[in-house]
Amino acid sequence: MTQENNIVQKIRKIGAPKTLCIVLIIMVAGLKLYPMGLPVPISSTTQSFYDFVEDFEGGQVVAVQCLINSMVYAEAKGGIKTIIEHLFSKDAKLVFFNVYLPESPPILNTILNTISDEIKGTYGEDYVVYGYISGEEASLTAIGNSFWDAFPADQYGTPNNNLPIMQDVHSSKDFSFIVSMGCWFPASEASVRQWVQTFNKPLIMLVDAAQYMALQPYYPDQIKGLISGVTGSAQYELLTNKPGISISFTDAISGMAIILIIAIAFGNIYDTIKKKEV
Amino acid sequence: MIVTIGVVAVLFLEYYTGITIINNLAKEVTLWSTIVGLFGILVGAFSLILLNARYIERKTPGRWIYALIMLVTFAGYIILGLYDTTSGPTYLLLFNNINIQLQNAMMGVLGFYFIIGAYRALKFRNIESAAFGLSLFFILLMIAPIGPAIWTGFSDIGNWIQMVPNKAAIRGILICVALGTIILAYRTLLGREKSYLGG
């Protein structure tokens, strides 16, 4: 009893917020050391994304808009890598571009470096990476109208004429479909407006969990498949039979959800007790 | 203002008329926006350098040292980018081990803010806040694998919240935004929208 009182007194002394933070650290560390390995149910939006790529006939060029910044790198890298590998396995030729985030190309290069040459093929023939250009949504329109005018050369400065993959790609018409992966909300909405409404191209997306809710109204008519953050990426890793980093994050998500619920409950109970005391 | 009205008119006519000359003009205009955006970046970089140089020159307490670090890093990254390209090994080594790690740490800190914020701010004082809290509860347990593992109903209820009230609310917002954009375009076309000129 005295020992229990001591613990309560210690918590009071530390303060509830700090106690919750300590519990969070202990829980995340514990889950890292002893993973729960809970089953991850597949959502319908992730399944649609997977089915869309699976139905792809291959051999055609796919435009990949990569919008990753450093802040969401940890959340997005697993999903992005799995999607790229899946697209390569379907014999897709990938054209990576970005008109929103200047820091995206180096991050994309880091992810591409983790994929073996056997999977991704030859640079310039099977895939090509374009650097950042400014202009945001207006640039998306410019790319859709004429890719060559918007991007005359790749990230190394190689002109399009010298890139075999680009010989049959001139505008949005030449892309089979568009994959948008990343975390920039204006870009996601602009992609729907430009690629789907203006250029009439099928669009599939990987977005962070915050955007996922906001993009729901576009699914499944405008966005054919939608993956939500780490949880969606983990589902995609399961679907492609390539368990990776996203799966390992799912335990931390479970832990965080529990702590958040405890924090809300704790806050409300404390508030009620305080009111009664007054 | 004349330039703005002209650009809006060209893009408007391109969409509704499909006349070849206007189409080509619209394509050219959208391509120019990339160049204009690039100038925007240059102006931003220039003012950033000026502001930080001023801090160093005046030795502003608590700021000049960070301004110096910023300028040195800024110059260093530009030189490295030009020398090694953004896909070069040295550039990626520094980028991955400094930039990404620092930003990841920032995101990690946010987790603690969420916990403290949830503890302090999410109080069920009325029906609206209770509905908000309950939605959060079900969505959290739908996203986290532990939710469906405890009870599959969390998934169903979370999905319903996501697909019905959430979709309806966001669609309403989107339609309002679209109507607002049309009004803004109309006002710009007529030269009545002057806020972008600082008026």
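This text goes with the structure placed above it.
Residues numbered from 1 in each chain as written. Chains lettered and ligands numbered in written order. Predicted model: local features only at pLDDT ≥ 70, side-chain atom pairs only at ≥ 80, totals over all residues. Heavy atoms only, no water.

## Description of helix α3 (residues 64-84) of chain B
Residues and elements named next belong to chain B. The end-to-end C-alpha distance of α3 is 29 Å, a good match for the 30 Å that 21 residues give at a rise of 1.5 Å each. Every buried residue of α3 is listed here: Ala67, Leu71, Leu80, Gly81 and Asp84. On its buried face, α3 sits against α2 (20-58) and α4 (89-121). (Helix = DSSP H or I, 4+ residues; strand = E, 2+ residues; numbered from the N terminus. Expected span 1.5 Å × (residues − 1). Buried < 20%, exposed > 50% of the residue type's maximum accessible area, 1.4 Å probe, protein only. Contact = heavy atoms within 4.5 Å.)

## With respect to unusual backbone geometry
Residue and element names in this part refer to chain A. Following Tyr219, the chain continues into Pro220 via a peptide bond in cis, with omega recorded as 5 degrees. Of note, Pro220 is situated in the loop between α10 (209-215) and β6 (223-228). Here Asn200, not a glycine, exhibits a phi torsion of approximately 55 degrees, which is positive. Looking at the secondary structure, you find Asn200 in the loop between α9 (185-198) and β5 (203-207). For Asn200, a relative accessible area of 65% gives the class exposed.

## Overview of the side chain of Thr240 of chain A
All names here are of chain A. Mapped onto the elements, Thr240 comes out in the loop between α11 (229-239) and α12 (245-277). For Thr240, the side chain forms a polar contact with the main-chain oxygen of Tyr236, separated by 2.8 Å. Those residues in contact with Thr240 that lie beyond four places of it in its chain are Tyr50, Thr82 and His86. (Polar contact = N/O pair within 3.5 Å; in protein donor to acceptor, adjacent residues only side chain to side chain.)

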